[in-house]
Amino acid sequence: MAKMDKKWVVLCTTAIGVIYSAGYITTETQAALSQPQKQIQTHTHTVNSQIKSQYKSGTFEGSGSNRRGSIGVKVTITNDKITDVEISHFAMHYSEKDVVGLPEEVIQKQSAQVQNVSGATYSTQAFQDAIENALTQARNV
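Residues numbered from 1 in each chain as written. Predicted model: local features only at pLDDT ≥ 70, side-chain atom pairs only at ≥ 80, totals over all residues. Heavy atoms only, no water.

**Remarks on the side chain of Ser123**
To keep it simple, the criterion reads: Where helices and strands are cited, they refer to DSSP runs of H or I of at least four residues and of E of at least two residues respectively, numbered from the N terminus. Burial here depends on accessible area, computed with a 1.4 Å probe over protein chains only, as a share of the maximum for the residue type. Under 20% is buried, over 50% is exposed, and the range in between is partly exposed. Here, two residues are considered to be in contact whenever any of their heavy atoms come within 4.5 Å of each other.
Locating Ser123 in the fold gives a position in helix α3 (residues 121-138). Ser123 gets classed as buried once you look at its relative accessible area, which sits at 0%. Ignoring anything within four residues of it in the chain, the contact list for Ser123 reads Ile71, Phe90, Met92, Tyr94 and Val99.

**Focus: the side chain of Gln128**
The cut-off we apply is this: Think of a polar contact as two N or O atoms within 3.5 Å of one another; within protein, one of them needs to be a possible hydrogen donor and the other a possible acceptor, and neighboring residues in sequence only count if both atoms come from side chains.
The topology assignment puts Gln128 in helix α3. Its relative accessible area of 17% is what places Gln128 among the buried residues. Of note is the side chain of Gln128, whose polar atom sits 3.2 Å from the backbone oxygen of Val114. Among all residues touching Gln128, those that are not within four sequence positions of it are Ala112, Gln113 and Val114.

**A few points about the nonpolar core**
Filter applied, for reference: As used in this record, nonpolar core signifies buried Ala, Val, Leu, Ile, Met, Phe, Trp, Tyr and Cys residues forming a set joined through side-chain atoms within 4.5 Å.
Of all hydrophobic cores here, the largest spans 25 residues; its most connected members are Ile71, Val73, Val75, Ile77, Phe127 and Ile131. For this core, the secondary-structure elements that each account for two or more residues are β4 (69-78), β5 (81-92), α2 (102-109) and α3. If one sorts the elements of this core by residue count, α3 sits on top with seven residues. Ile77 has contacts with Tyr55, Lys56, Ser57, Gly58, Phe60, Ile82, Thr83, Leu135 and Ala138, leaving out every residue within four places of it along the chain.

Set out below in structure tokens:
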């Protein structure tokens, strides 16, 4: 292998460093912009900033289906938190008992991204789709 001139090594190293730094700064800036602003209480003063909730409060219905059937859910949101999830309709090829624990998992994770239930993959996918459908309706635009 040919020996590289030191100038090229320095130039390439510098270029990589600049590219990395630009990506880091862009990522940090985007992350800061996507974070909701909150009210911060300190010992001497309060800093106020606007807080926009992600979801409207209320109960929202969603549905999900695939080639094995369909699932309907009711998702209750209070103060921007998922407080209740109910399977309101279950017409899947498999038993409802396979997915009975998923509503509680949604509440714990505050997300539709639940663990796949082995042996009930289609039911899990339909349930996730139903939750996403309800959360889409609940989103503040």
